[in-house]
Amino acid sequence: MDRYLVFGHPVRHSKSPFIHTLFARQTQQELEYGLAEPAVDEFAHALRTFFDQGGKGCNVTVPFKEQAFTLVDRLSTRAKRAGAVNTIKLTEDGVLLGDNTDGAGLVADLKSHGVTLADSRILLLGAGGAARGALAPLLAELPSELVIANRTHAKAQQLAAEFHDLGPVTAQTYELLAGPFDLVINSTSASLQGELPPLAPALIHTDIAIYDMMYGASDTAFICWAKQHGARQTMDGLGMLVEQAAEAFTVWRGIRPGTKQVLRELKRNLGVI
Ligand code: ATR
């Protein structure tokens, strides 16, 4: 049977096996999908061993995405732009192809929530790996402007310069941000520590769409805060998780699984509904 898995550390709580098993069942594909948690300095070896032993493809998550970028034979355009690899496929001719489906997953999830990206003014919070992965797919949707704000402003400036050729992207400090924005995407890891990015409440209005790439059994700190300040449409990163997985599954199997039912089952599994 074709074997796939996700590499991460820690990875025990990964939802990827659950999601891909449901995709496989739905599309009647025969495959198995497992977990691998190599020591941080043993990822390269573990990856090679997996493919030497007949593995067909894998996902890569924290903290291995940047390392995976350096270990594959060939990179997709979107992986090159992201500077990180979350999906690897062994091609027919034995080439390890590195791809990145995170940004496509974000855009697909935003669209499934009815968020319009064309001609919209987007604020992207954070300038780490998650922001980098989102930029090219977001700019491809032709927003009127995309502003990056980051605690360490120099990193936002650097990202804006790096993606300037793809669209109207600028950097601004949190203090000098000027609304109105149609959509705010939180790519920071602040919610992990129960913290908030230092965003002025005045930037939140009733018609704004709020997206937090983080998710949990209850609202993230950022979503709670945005709701308190009047945001009516808030979304967390669970949909992005399912959509990036669907994109990876499509890369591997050449068949696109439906995501709605799988997202519902995942929510049930997490105790969200
Ligand atoms: P990831 O790969 O998930 O993006 P990362 O590369 O470590 O992780 O980036 C984390 C991002 O969250 C950074 O933009 C970080 O800001 P700095 O560049 O200033 O470190 C941001 N971040 C983390 N904690 C934050 C907080 N409490 N407030 C605001 N931004 C925060």
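The following refers to the structure shown. Keep in mind it's a predicted model, so treat the numbers as computed, not measured. (Residues numbered from 1 in each chain as written. Predicted model: local features only at pLDDT ≥ 70, side-chain atom pairs only at ≥ 80, totals over all residues. Heavy atoms only, no water.)

**Here we look at the packing of helix α1 (residues 16–27) against helix α10 (residues 260–270)**
It is at 10 Å that the axes of α1 and α10 come closest, and there the two elements cross at 140°. Regarding α1 and α10, the two cross each other, and that crossing is right-handed. Counted together, F18, I19, L22, F23 and Q26 of α1 and V262, E265, L266 and N269 of α10 form the full contact between these two elements. Of the residues belonging to the contact of α1 with α10, the class tally is 6 nonpolar, 2 polar and 1 charged. (Axes fitted to C-alpha atoms, helices over the stretch in contact; angles between N-to-C directions. Helix = DSSP H or I, 4+ residues; strand = E, 2+ residues; numbered from the N terminus. Left-handed = near helix turned anticlockwise from the far one by under 90°. Contact = heavy atoms within 4.5 Å. Nonpolar A, V, L, I, M, F, W, Y, C, P; charged D, E, K, R; others polar.)

**With respect to helix α8 (residues 221–228)**
Owing to its 3.6 residues per turn, the α-helix brings residues three or four apart onto one side. Among the residues making up α8, those that are buried are F222, I223, W225 and A226. Summarising the axial view, the buried residues of α8 lie within an arc of 160°, below the 170-degree limit, and thus occupy one face. In the core, the buried residues of α8 are packed alongside β7 (121–125), β10 (183–186), β11 (209–212) and β12 (233–236). Positive phi shows up at G230, right after α8, with a value of about 105°. (Buried < 20%, exposed > 50% of the residue type's maximum accessible area, 1.4 Å probe, protein only. Arc of directions from axis to C-beta.)

**A few points about the pattern of salt bridges**
Using the criterion set out here, one finds 12 salt bridges in the structure. We note a salt bridge from R121 to E145, for which the minimum N-O separation is 2.8 Å. In this pair, R121 is assigned in strand β7 and E145 in strand β8 (residues 145–149), connecting sequence segments 24 residues apart. With a relative accessible area of 24%, E145 lands in the partly exposed category. We note a salt bridge from R256 to E247, for which the minimum N-O separation is 3.0 Å. It is possible to trace a salt-bridge network through shared partners that takes in R78, D99, E247 and R256. (Salt bridge = Lys/Arg side-chain N within 4 Å of Asp/Glu carboxyl O.)

**Things to note about the environment of Q53**
Looking at the element boundaries, Q53 is found in the loop between α2 (43–52) and β3 (57–60). C-alpha of Q53 to C-alpha of R3: the two residues are 50 residues apart in sequence and 9.7 Å apart in space.

Without other data, these values stay purely geometric and don't point to any function.
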